[in-house]
Amino acid sequence: MIQINYLNEVFELRNEPSEIKLHEFEKMYKVINDESVGKIEQYFEVFKILGMPDEIADHVDGDTFLEIIKNFNAIMVTDEQPAAEVEIGGRIYRAYEGDDFKFSGRDLVEIEKLAAKGHDNFPSQLLAIIFKDIDLTPNEHRNPTHIKHKAKLFASELTAEVAIPYITRIAKRTLKSLEKANEVE
Amino acid sequence: MKWSDVNIEEFIELSELALDELSPTEFRLERIAILTGELNYDINEDEIDELLKEWAWLDEPIPQTYKTEGLKDFNTLPFGEFISLEKFITEKAPIFNIDKIAAILYFDDFNKGLKEVNEWSVVDVYGAMESYLKYRTDLLTRINLFEKDEQEEEVEEDEEPTPYTWELVAYDLSDGDVVKANELFKMPHLLILNWMMLKEYVISRQRSQTASNHSDSQLNE
(Lines give C-alpha, C1' and ligand atoms only; values in the text may rest on other atoms or scores of the structure.)
Protein backbone atom coordinates (compact mmCIF):
# COMPACT_ATOMS: atom_id res chain seq x y z
CA MET A 1 0.00 0.00 0.00
CA ILE A 2 1.36 3.48 -0.87
CA GLN A 3 0.14 6.39 1.23
CA ILE A 4 -0.47 9.57 -0.72
CA ASN A 5 -1.00 12.77 1.23
CA TYR A 6 -3.20 15.30 -0.48
CA LEU A 7 -4.46 18.40 1.28
CA ASN A 8 -5.44 17.03 4.68
CA GLU A 9 -6.40 13.60 3.50
CA VAL A 10 -4.49 10.36 3.05
CA PHE A 11 -5.27 8.15 0.11
CA GLU A 12 -4.02 4.58 0.25
CA LEU A 13 -3.08 3.30 -3.19
CA ARG A 14 -2.91 -0.47 -3.49
CA ASN A 15 0.37 -1.25 -5.20
CA GLU A 16 1.09 -4.93 -4.56
CA PRO A 17 -0.23 -7.72 -6.79
CA SER A 18 -1.73 -9.38 -3.69
CA GLU A 19 -3.85 -6.25 -3.06
CA ILE A 20 -5.35 -6.02 -6.55
CA LYS A 21 -8.33 -8.12 -7.58
CA LEU A 22 -7.99 -9.98 -10.87
CA HIS A 23 -10.91 -8.09 -12.51
CA GLU A 24 -9.14 -4.81 -11.68
CA PHE A 25 -5.88 -6.22 -12.98
CA GLU A 26 -7.61 -7.13 -16.25
CA LYS A 27 -8.62 -3.50 -16.75
CA MET A 28 -5.05 -2.48 -15.92
CA TYR A 29 -3.74 -5.16 -18.32
CA LYS A 30 -5.80 -3.67 -21.13
CA VAL A 31 -4.47 -0.18 -20.41
CA ILE A 32 -0.85 -1.37 -20.13
CA ASN A 33 -1.09 -3.13 -23.50
CA ASP A 34 -2.63 -0.13 -25.25
CA GLU A 35 0.31 1.20 -27.26
CA SER A 36 -1.67 4.26 -28.37
CA VAL A 37 -1.52 5.58 -24.80
CA GLY A 38 1.67 7.14 -23.41
CA LYS A 39 3.35 5.61 -20.36
CA ILE A 40 2.44 8.41 -17.93
CA GLU A 41 -1.14 8.41 -19.13
CA GLN A 42 -1.23 4.64 -18.69
CA TYR A 43 -0.29 5.07 -15.04
CA PHE A 44 -2.98 7.73 -14.58
CA GLU A 45 -5.54 5.27 -15.94
CA VAL A 46 -4.22 2.44 -13.78
CA PHE A 47 -4.41 4.52 -10.61
CA LYS A 48 -7.98 5.56 -11.47
CA ILE A 49 -8.89 1.88 -11.85
CA LEU A 50 -7.51 1.40 -8.33
CA GLY A 51 -9.78 4.12 -7.03
CA MET A 52 -7.49 7.15 -6.93
CA PRO A 53 -9.75 10.25 -6.92
CA ASP A 54 -9.46 12.58 -9.89
CA GLU A 55 -8.45 15.50 -7.63
CA ILE A 56 -5.29 13.70 -6.62
CA ALA A 57 -4.48 12.49 -10.13
CA ASP A 58 -5.10 15.97 -11.57
CA HIS A 59 -3.23 17.94 -8.93
CA VAL A 60 -0.41 15.87 -7.53
CA ASP A 61 2.99 17.33 -8.49
CA GLY A 62 5.31 15.67 -10.98
CA ASP A 63 7.96 14.53 -8.48
CA THR A 64 5.37 12.94 -6.22
CA PHE A 65 3.75 11.24 -9.21
CA LEU A 66 7.11 9.80 -10.33
CA GLU A 67 7.74 8.62 -6.79
CA ILE A 68 4.37 6.83 -6.81
CA ILE A 69 5.22 5.16 -10.12
CA LYS A 70 8.62 4.08 -8.79
CA ASN A 71 6.94 2.36 -5.87
CA PHE A 72 4.18 0.80 -7.89
CA ASN A 73 4.87 -2.93 -8.05
CA ALA A 74 1.72 -4.42 -9.46
CA ILE A 75 2.60 -4.21 -13.15
CA MET A 76 5.91 -5.94 -12.83
CA VAL A 77 6.74 -9.26 -14.38
CA THR A 78 8.03 -11.93 -12.05
CA ASP A 79 10.01 -15.14 -12.21
CA GLU A 80 8.52 -16.29 -8.91
CA GLN A 81 7.21 -19.81 -8.79
CA PRO A 82 3.48 -19.62 -9.59
CA ALA A 83 0.84 -20.81 -7.12
CA ALA A 84 0.14 -24.52 -7.49
CA GLU A 85 -3.36 -24.42 -5.96
CA VAL A 86 -6.10 -22.00 -5.07
CA GLU A 87 -9.20 -22.56 -3.00
CA ILE A 88 -12.49 -20.76 -3.60
CA GLY A 89 -15.73 -21.54 -1.80
CA GLY A 90 -14.41 -24.85 -0.51
CA ARG A 91 -13.39 -26.10 -3.96
CA ILE A 92 -9.74 -26.69 -4.81
CA TYR A 93 -8.34 -25.74 -8.17
CA ARG A 94 -4.93 -27.17 -8.97
CA ALA A 95 -2.42 -26.07 -11.63
CA TYR A 96 0.31 -28.60 -11.02
CA GLU A 97 1.79 -31.09 -8.64
CA GLY A 98 5.45 -31.34 -7.76
CA ASP A 99 8.04 -28.62 -7.62
CA ASP A 100 7.82 -26.89 -10.95
CA PHE A 101 5.03 -25.81 -13.23
CA LYS A 102 5.12 -26.88 -16.89
CA PHE A 103 2.46 -26.07 -19.47
CA SER A 104 0.83 -29.18 -20.90
CA GLY A 105 0.45 -29.54 -24.68
CA ARG A 106 -3.34 -29.29 -24.43
CA ASP A 107 -3.25 -26.19 -22.26
CA LEU A 108 -0.67 -24.54 -24.53
CA VAL A 109 -2.91 -25.00 -27.57
CA GLU A 110 -5.91 -23.52 -25.74
CA ILE A 111 -3.86 -20.62 -24.40
CA GLU A 112 -2.43 -19.81 -27.85
CA LYS A 113 -5.95 -19.74 -29.29
CA LEU A 114 -7.10 -17.56 -26.42
CA ALA A 115 -4.18 -15.13 -26.91
CA ALA A 116 -4.97 -14.85 -30.62
CA LYS A 117 -8.51 -13.66 -29.80
CA GLY A 118 -7.14 -10.71 -27.79
CA HIS A 119 -9.88 -10.71 -25.15
CA ASP A 120 -9.69 -8.17 -22.36
CA ASN A 121 -10.17 -10.91 -19.76
CA PHE A 122 -7.16 -12.91 -20.96
CA PRO A 123 -5.68 -13.19 -17.42
CA SER A 124 -8.75 -14.83 -15.85
CA GLN A 125 -9.32 -17.07 -18.87
CA LEU A 126 -5.66 -18.09 -18.77
CA LEU A 127 -6.00 -19.12 -15.13
CA ALA A 128 -9.28 -20.91 -15.88
CA ILE A 129 -7.43 -23.10 -18.40
CA ILE A 130 -4.48 -23.76 -16.10
CA PHE A 131 -6.28 -24.33 -12.79
CA LYS A 132 -8.39 -27.47 -12.80
CA ASP A 133 -11.12 -28.32 -10.32
CA ILE A 134 -9.77 -31.47 -8.68
CA ASP A 135 -13.26 -32.96 -8.47
CA LEU A 136 -13.88 -32.82 -12.24
CA THR A 137 -12.74 -35.13 -15.04
CA PRO A 138 -10.47 -33.78 -17.81
CA ASN A 139 -13.41 -33.65 -20.24
CA GLU A 140 -15.54 -31.73 -17.75
CA HIS A 141 -12.66 -29.35 -17.21
CA ARG A 142 -12.32 -28.66 -20.95
CA ASN A 143 -15.99 -27.79 -21.42
CA PRO A 144 -16.01 -24.19 -22.76
CA THR A 145 -18.98 -23.19 -20.57
CA HIS A 146 -17.19 -24.45 -17.48
CA ILE A 147 -14.02 -22.52 -18.41
CA LYS A 148 -16.05 -19.35 -19.01
CA HIS A 149 -17.82 -19.67 -15.65
CA LYS A 150 -14.55 -20.39 -13.86
CA ALA A 151 -12.91 -17.34 -15.48
CA LYS A 152 -15.66 -15.10 -14.05
CA LEU A 153 -15.23 -16.68 -10.62
CA PHE A 154 -11.46 -16.22 -10.71
CA ALA A 155 -11.80 -12.60 -11.87
CA SER A 156 -13.82 -11.72 -8.77
CA GLU A 157 -12.09 -13.93 -6.22
CA LEU A 158 -8.40 -14.14 -7.12
CA THR A 159 -5.74 -11.45 -7.10
CA ALA A 160 -3.13 -10.36 -9.63
CA GLU A 161 -0.55 -12.16 -7.51
CA VAL A 162 -1.84 -15.49 -8.85
CA ALA A 163 -1.99 -14.34 -12.49
CA ILE A 164 1.26 -12.42 -12.99
CA PRO A 165 3.68 -15.40 -12.72
CA TYR A 166 1.64 -17.36 -15.29
CA ILE A 167 1.35 -14.37 -17.63
CA THR A 168 5.11 -13.88 -17.34
CA ARG A 169 5.75 -17.52 -18.24
CA ILE A 170 3.49 -17.55 -21.27
CA ALA A 171 4.94 -14.23 -22.46
CA LYS A 172 8.50 -15.63 -22.21
CA ARG A 173 7.49 -18.77 -24.07
CA THR A 174 5.85 -16.72 -26.84
CA LEU A 175 8.96 -14.57 -27.16
CA LYS A 176 11.17 -17.67 -27.38
CA SER A 177 8.93 -19.09 -30.17
CA LEU A 178 9.10 -15.83 -32.11
CA GLU A 179 12.90 -15.77 -31.80
CA LYS A 180 13.09 -19.37 -33.08
CA ALA A 181 10.73 -18.53 -35.97
CA ASN A 182 12.96 -15.58 -36.94
CA GLU A 183 16.04 -17.84 -36.88
CA VAL A 184 14.37 -20.21 -39.36
CA GLU A 185 13.55 -17.31 -41.68
CA MET B 1 13.43 -38.52 -40.74
CA LYS B 2 13.84 -35.90 -43.45
CA TRP B 3 12.04 -34.51 -46.50
CA SER B 4 13.14 -37.45 -48.67
CA ASP B 5 11.12 -39.73 -46.37
CA VAL B 6 7.89 -37.81 -46.98
CA ASN B 7 5.75 -39.10 -49.84
CA ILE B 8 3.55 -36.94 -52.07
CA GLU B 9 0.32 -37.95 -50.35
CA GLU B 10 1.74 -36.97 -46.95
CA PHE B 11 3.14 -33.75 -48.40
CA ILE B 12 -0.30 -32.71 -49.68
CA GLU B 13 -1.77 -33.44 -46.23
CA LEU B 14 0.94 -31.33 -44.63
CA SER B 15 0.29 -28.50 -47.08
CA GLU B 16 -3.43 -28.61 -46.42
CA LEU B 17 -3.01 -27.97 -42.71
CA ALA B 18 -4.56 -24.54 -42.26
CA LEU B 19 -2.16 -22.50 -40.15
CA ASP B 20 -4.77 -19.79 -39.59
CA GLU B 21 -7.17 -22.30 -38.03
CA LEU B 22 -4.67 -23.90 -35.68
CA SER B 23 -2.60 -22.48 -32.85
CA PRO B 24 1.20 -22.50 -33.52
CA THR B 25 1.85 -25.48 -31.22
CA GLU B 26 -1.18 -27.34 -32.57
CA PHE B 27 0.03 -26.79 -36.15
CA ARG B 28 3.48 -28.17 -35.36
CA LEU B 29 2.13 -31.20 -33.48
CA GLU B 30 -0.43 -31.94 -36.21
CA ARG B 31 2.35 -31.96 -38.81
CA ILE B 32 4.23 -34.54 -36.78
CA ALA B 33 1.03 -36.55 -36.32
CA ILE B 34 0.53 -36.72 -40.12
CA LEU B 35 3.96 -38.29 -40.52
CA THR B 36 3.97 -40.57 -37.47
CA GLY B 37 0.30 -41.44 -37.16
CA GLU B 38 0.41 -40.44 -33.49
CA LEU B 39 -0.98 -37.37 -31.83
CA ASN B 40 -0.20 -36.77 -28.18
CA TYR B 41 -1.04 -33.54 -26.43
CA ASP B 42 -0.52 -35.03 -22.98
CA ILE B 43 3.12 -34.03 -22.89
CA ASN B 44 4.58 -31.01 -21.13
CA GLU B 45 6.22 -27.99 -22.74
CA ASP B 46 9.78 -29.30 -22.33
CA GLU B 47 8.84 -32.55 -24.06
CA ILE B 48 7.13 -30.52 -26.80
CA ASP B 49 10.29 -28.45 -27.28
CA GLU B 50 12.42 -31.62 -27.58
CA LEU B 51 9.99 -33.08 -30.09
CA LEU B 52 9.92 -29.91 -32.16
CA LYS B 53 13.74 -29.82 -32.20
CA GLU B 54 13.74 -33.35 -33.63
CA TRP B 55 11.27 -32.31 -36.35
CA ALA B 56 12.74 -28.86 -37.05
CA TRP B 57 13.61 -30.01 -40.59
CA LEU B 58 9.91 -29.52 -41.46
CA ASP B 59 10.60 -25.77 -41.42
CA GLU B 60 13.50 -26.11 -43.84
CA PRO B 61 13.00 -25.70 -47.60
CA ILE B 62 12.45 -28.84 -49.66
CA PRO B 63 15.55 -29.76 -51.70
CA GLN B 64 15.29 -28.61 -55.31
CA THR B 65 16.86 -31.73 -56.85
CA TYR B 66 14.32 -33.96 -58.55
CA LYS B 67 13.87 -37.16 -60.52
CA THR B 68 14.89 -36.57 -64.14
CA GLU B 69 14.26 -40.13 -65.34
CA GLY B 70 10.92 -40.16 -67.09
CA LEU B 71 10.44 -36.38 -66.84
CA LYS B 72 8.98 -35.08 -70.10
CA ASP B 73 10.63 -32.33 -72.11
CA PHE B 74 8.47 -29.31 -71.29
CA ASN B 75 8.89 -27.86 -74.78
CA THR B 76 7.24 -30.86 -76.42
CA LEU B 77 4.27 -31.24 -74.11
CA PRO B 78 1.05 -31.78 -76.12
CA PHE B 79 -1.47 -28.95 -76.01
CA GLY B 80 -3.98 -31.17 -74.14
CA GLU B 81 -1.50 -31.83 -71.35
CA PHE B 82 -0.55 -28.15 -71.28
CA ILE B 83 -4.23 -27.27 -70.74
CA SER B 84 -4.55 -29.87 -67.98
CA LEU B 85 -1.46 -28.48 -66.26
CA GLU B 86 -2.92 -24.98 -66.53
CA LYS B 87 -6.07 -26.17 -64.79
CA PHE B 88 -4.16 -27.79 -61.93
CA ILE B 89 -1.83 -24.83 -61.51
CA THR B 90 -4.53 -22.17 -61.47
CA GLU B 91 -7.53 -23.78 -59.71
CA LYS B 92 -5.66 -23.70 -56.39
CA ALA B 93 -2.07 -23.27 -55.20
CA PRO B 94 0.05 -25.74 -57.22
CA ILE B 95 1.37 -27.57 -54.16
CA PHE B 96 -2.14 -28.84 -53.44
CA ASN B 97 -2.16 -30.45 -56.90
CA ILE B 98 1.46 -31.57 -56.93
CA ASP B 99 0.34 -35.19 -57.44
CA LYS B 100 -1.70 -34.33 -60.57
CA ILE B 101 1.02 -32.06 -61.94
CA ALA B 102 3.60 -34.81 -61.41
CA ALA B 103 1.32 -37.41 -63.02
CA ILE B 104 1.21 -35.31 -66.20
CA LEU B 105 4.93 -34.43 -66.18
CA TYR B 106 6.06 -38.05 -65.75
CA PHE B 107 3.33 -40.26 -67.22
CA ASP B 108 1.33 -40.56 -70.43
CA ASP B 109 -1.49 -42.36 -68.59
CA PHE B 110 -2.75 -39.79 -66.09
CA ASN B 111 -4.72 -42.16 -63.84
CA LYS B 112 -1.89 -44.68 -63.64
CA GLY B 113 0.55 -41.87 -62.98
CA LEU B 114 -1.63 -40.43 -60.21
CA LYS B 115 -1.67 -43.76 -58.37
CA GLU B 116 2.10 -44.15 -58.63
CA VAL B 117 3.32 -40.64 -57.81
CA ASN B 118 1.54 -40.56 -54.46
CA GLU B 119 4.05 -43.13 -53.27
CA TRP B 120 7.05 -41.19 -54.53
CA SER B 121 9.13 -39.02 -52.27
CA VAL B 122 8.28 -35.31 -52.41
CA VAL B 123 11.94 -34.54 -53.20
CA ASP B 124 11.58 -36.59 -56.42
CA VAL B 125 8.96 -34.23 -57.70
CA TYR B 126 8.88 -30.86 -55.94
CA GLY B 127 11.82 -29.42 -57.88
CA ALA B 128 10.32 -30.65 -61.17
CA MET B 129 7.08 -28.84 -60.38
CA GLU B 130 9.01 -25.65 -59.54
CA SER B 131 10.96 -26.02 -62.76
CA TYR B 132 7.75 -26.36 -64.79
CA LEU B 133 6.17 -23.35 -63.04
CA LYS B 134 9.19 -21.27 -64.01
CA TYR B 135 8.99 -22.55 -67.61
CA ARG B 136 5.27 -21.67 -67.70
CA THR B 137 5.75 -18.17 -66.27
CA ASP B 138 8.54 -17.41 -68.76
CA LEU B 139 6.42 -18.72 -71.62
CA LEU B 140 3.23 -16.84 -70.77
CA THR B 141 5.20 -13.64 -70.17
CA ARG B 142 6.86 -13.95 -73.56
CA ILE B 143 3.71 -14.66 -75.53
CA ASN B 144 1.63 -12.09 -73.59
CA LEU B 145 -1.59 -13.39 -75.14
CA PHE B 146 -4.08 -12.37 -72.50
CA GLU B 147 -3.30 -8.71 -72.12
CA LYS B 148 -5.15 -6.45 -74.51
CA ASP B 149 -3.96 -2.97 -75.43
CA GLU B 150 -6.20 0.10 -74.98
CA GLN B 151 -7.25 0.18 -78.64
CA GLU B 152 -8.47 -3.41 -78.56
CA GLU B 153 -10.36 -2.76 -75.33
CA GLU B 154 -12.14 0.22 -76.89
CA VAL B 155 -13.19 -1.79 -79.94
CA GLU B 156 -14.55 -4.56 -77.74
CA GLU B 157 -16.47 -2.18 -75.48
CA ASP B 158 -19.89 -3.09 -76.86
CA GLU B 159 -19.17 -6.78 -77.02
CA GLU B 160 -19.97 -9.10 -74.16
CA PRO B 161 -16.88 -10.08 -72.20
CA THR B 162 -15.78 -13.68 -72.82
CA PRO B 163 -13.75 -15.81 -70.46
CA TYR B 164 -10.47 -16.50 -72.25
CA THR B 165 -10.00 -20.18 -71.46
CA TRP B 166 -7.74 -22.62 -73.18
CA GLU B 167 -10.72 -24.73 -74.25
CA LEU B 168 -12.11 -21.70 -76.06
CA VAL B 169 -8.76 -21.35 -77.80
CA ALA B 170 -9.12 -24.91 -79.06
CA TYR B 171 -12.73 -24.22 -80.06
CA ASP B 172 -11.66 -21.11 -81.93
CA LEU B 173 -8.74 -22.71 -83.77
CA SER B 174 -10.83 -25.74 -84.79
CA ASP B 175 -13.82 -23.63 -85.85
CA GLY B 176 -15.91 -25.48 -83.31
CA ASP B 177 -15.17 -28.89 -84.84
CA VAL B 178 -14.71 -31.35 -82.00
CA VAL B 179 -12.76 -33.82 -84.16
CA LYS B 180 -10.32 -31.10 -85.19
CA ALA B 181 -10.11 -29.91 -81.57
CA ASN B 182 -9.15 -33.42 -80.49
CA GLU B 183 -6.30 -33.36 -83.01
CA LEU B 184 -5.20 -29.99 -81.69
CA PHE B 185 -4.86 -31.43 -78.17
CA LYS B 186 -2.27 -33.88 -79.47
CA MET B 187 -0.15 -31.21 -81.14
CA PRO B 188 2.79 -29.60 -79.32
CA HIS B 189 1.57 -26.68 -77.19
CA LEU B 190 4.29 -24.36 -78.56
CA LEU B 191 2.96 -24.84 -82.09
CA ILE B 192 -0.56 -23.96 -80.95
CA LEU B 193 0.61 -20.92 -78.98
CA ASN B 194 2.65 -19.67 -81.94
CA TRP B 195 -0.43 -20.10 -84.14
CA MET B 196 -2.51 -18.11 -81.64
CA MET B 197 0.05 -15.31 -81.65
CA LEU B 198 -0.02 -15.27 -85.43
CA LYS B 199 -3.81 -15.06 -85.43
CA GLU B 200 -3.71 -12.16 -82.90
CA TYR B 201 -1.20 -10.36 -85.14
CA VAL B 202 -3.39 -10.81 -88.24
CA ILE B 203 -6.52 -9.58 -86.41
CA SER B 204 -4.64 -6.60 -84.99
CA ARG B 205 -3.35 -5.71 -88.45
CA GLN B 206 -6.85 -5.93 -89.91
CA ARG B 207 -8.18 -3.61 -87.18
CA SER B 208 -5.47 -1.05 -87.86
CA GLN B 209 -6.26 -1.25 -91.56
CA THR B 210 -10.00 -0.78 -90.92
CA ALA B 211 -9.37 2.20 -88.62
CA SER B 212 -7.05 3.77 -91.21
CA ASN B 213 -9.62 3.30 -94.03
CA HIS B 214 -12.32 4.86 -91.85
CA SER B 215 -10.27 8.05 -91.17
CA ASP B 216 -9.36 8.34 -94.87
CA SER B 217 -13.05 8.24 -95.89
CA GLN B 218 -13.91 10.90 -93.27
CA LEU B 219 -11.19 13.20 -94.63
CA ASN B 220 -12.54 12.82 -98.17
CA GLU B 221 -16.09 13.92 -97.20
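This is a predicted model, so every value here is computed, not measured.

### Quick look at the interface of chain B and chain A
So, point 1. Taken together, the contact pairs 13 residues of chain B with 13 residues of chain A.
So, point 2. Across the chain B/chain A interface, buried area totals approximately 1300 Å², and carbon plus sulfur atoms make up 48% of it.
So, point 3. Counting the contacts that link chain B with chain A gives 6 salt bridges.
So, point 4. Between B:Glu45 and A:Arg173 there is a salt bridge, and its shortest N-O distance comes to 3.4 Å.
So, point 5. Looking at the side of chain B that touches chain A, the elements that each hand over two or more residues are α2 (24-36) and α3 (45-54) of chain B.

### Things to note about the packing of aromatic side chains
So, point 1. Per the counting criterion, the structure on display carries 24 aromatic pairs over all chains.
So, point 2. When the centroid spacing of 5.3 Å and the interplanar angle of 90° are considered together, the rings of A:Tyr93 and A:Phe154 count as edge-to-face. Taken together, the residues span a long stretch of sequence, with A:Tyr93 in strand β4 (residues 91-94) and A:Phe154 in helix α8 (residues 144-157) at a distance of 61 residues.
So, point 3. Taking relative accessible area as the criterion, A:Tyr93 reaches 5% and is therefore assigned buried.
So, point 4. An aromatic cluster of at least three residues, connected via ring pairs, comprises A:Tyr93, A:Tyr96, A:Phe101, A:Phe103, A:Phe131, A:Phe154 and A:Tyr166.
So, point 5. In this structure, B:Lys67 packs its charged tip against the face of B:Trp120, placed 4.4 Å from the ring centre.

### Topic: the pattern of salt bridges
So, point 1. As enumerated under the stated definition, the model contains 29 salt bridges over all chains in all.
So, point 2. Between A:Lys30 and A:Asp120 there is a salt bridge whose closest N-O contact spans 3.5 Å. Highlighted residues: A:Lys30 in helix α1 (residues 22-32) and A:Asp120 in the loop between α5 (105-117) and α6 (122-130), separated in sequence by 90 residues.
So, point 3. One salt bridge in this structure joins A:Lys132 and A:Asp107, with 2.7 Å as the shortest N-O distance. Taken as a pair, A:Lys132 in strand β5 (residues 132-133) and A:Asp107 in helix α5 lie far apart in primary sequence, 25 residues in all.
So, point 4. Three or more residues are tied together by salt bridges with common partners; here these are A:Asp100, A:Lys102, A:Arg169 and B:Asp46.

### Here's the deal with the confidence of the model for chain B
Residue and element names in this part refer to chain B.
So, point 1. For chain B, per-residue confidence averages 87 on the pLDDT scale, and 89% of positions sit at 70 or higher.
So, point 2. Within chain B, helix α8 (residues 150-155) has the poorest average pLDDT of any element, 51, and helix α5 (residues 98-106) the best, 97.
So, point 3. Between residues 157-163, whose pLDDT stays under 50, and residues either more than four places distant or in other chains, the model counts 1 contact.
So, point 4. Both scores are given for the predicted complex: the pTM is 0.79, the ipTM 0.80.

### Thoughts on the sheet that holds β4(A)
Residue and element names in this part refer to chain A.
So, point 1. Here 3 strands make up an open sheet; going across it, the order is β3-β4-β5 and the pairing antiparallel. Each of the sheet's edge strands pairs with one partner strand only, and the pair in question is β3 (85-88) and β5.
So, point 2. Here β3 pairs with β4 via 4 bridges, running antiparallel. Paired with Ile88 across the two strands is Arg91, which belongs to β4.

### Digging into the environment of B:Asp59
Residues and elements named next belong to chain B.
So, point 1. Here Asp59 lies in the loop between α3 and α4 (79-90).
So, point 2. Measuring from C-alpha to C-alpha, the distance between Asp59 and Arg28 comes to 9.6 Å, with 31 residues separating the pair along the chain.
So, point 3. Polar contacts involving the side chain of Asp59 include one to the side chain of Arg31, which spans 2.9 Å.

Criteria and cut-off values
- Residues numbered from 1 in each chain as written.
- Chains lettered and ligands numbered in written order.
- Predicted model: local features only at pLDDT ≥ 70, side-chain atom pairs only at ≥ 80, totals over all residues.
- Heavy atoms only, no water.
- Contact = heavy atoms within 4.5 Å.
- Buried area = accessible area lost by both parts, 1.4 Å probe.
- Salt bridge = Lys/Arg side-chain N within 4 Å of Asp/Glu carboxyl O.
- Helix = DSSP H or I, 4+ residues; strand = E, 2+ residues; numbered from the N terminus.
- Phe/Tyr/Trp six-rings, centres within 6.5 Å; stacked < 30°, edge-to-face > 60°.
- Buried < 20%, exposed > 50% of the residue type's maximum accessible area, 1.4 Å probe, protein only.
- Lys NZ or Arg CZ within 6 Å of the ring centre and 35° of its normal.
- pLDDT = per-residue confidence, 0-100.
- Pairing = 2+ DSSP bridges.
- Polar contact = N/O pair within 3.5 Å; in protein donor to acceptor, adjacent residues only side chain to side chain.

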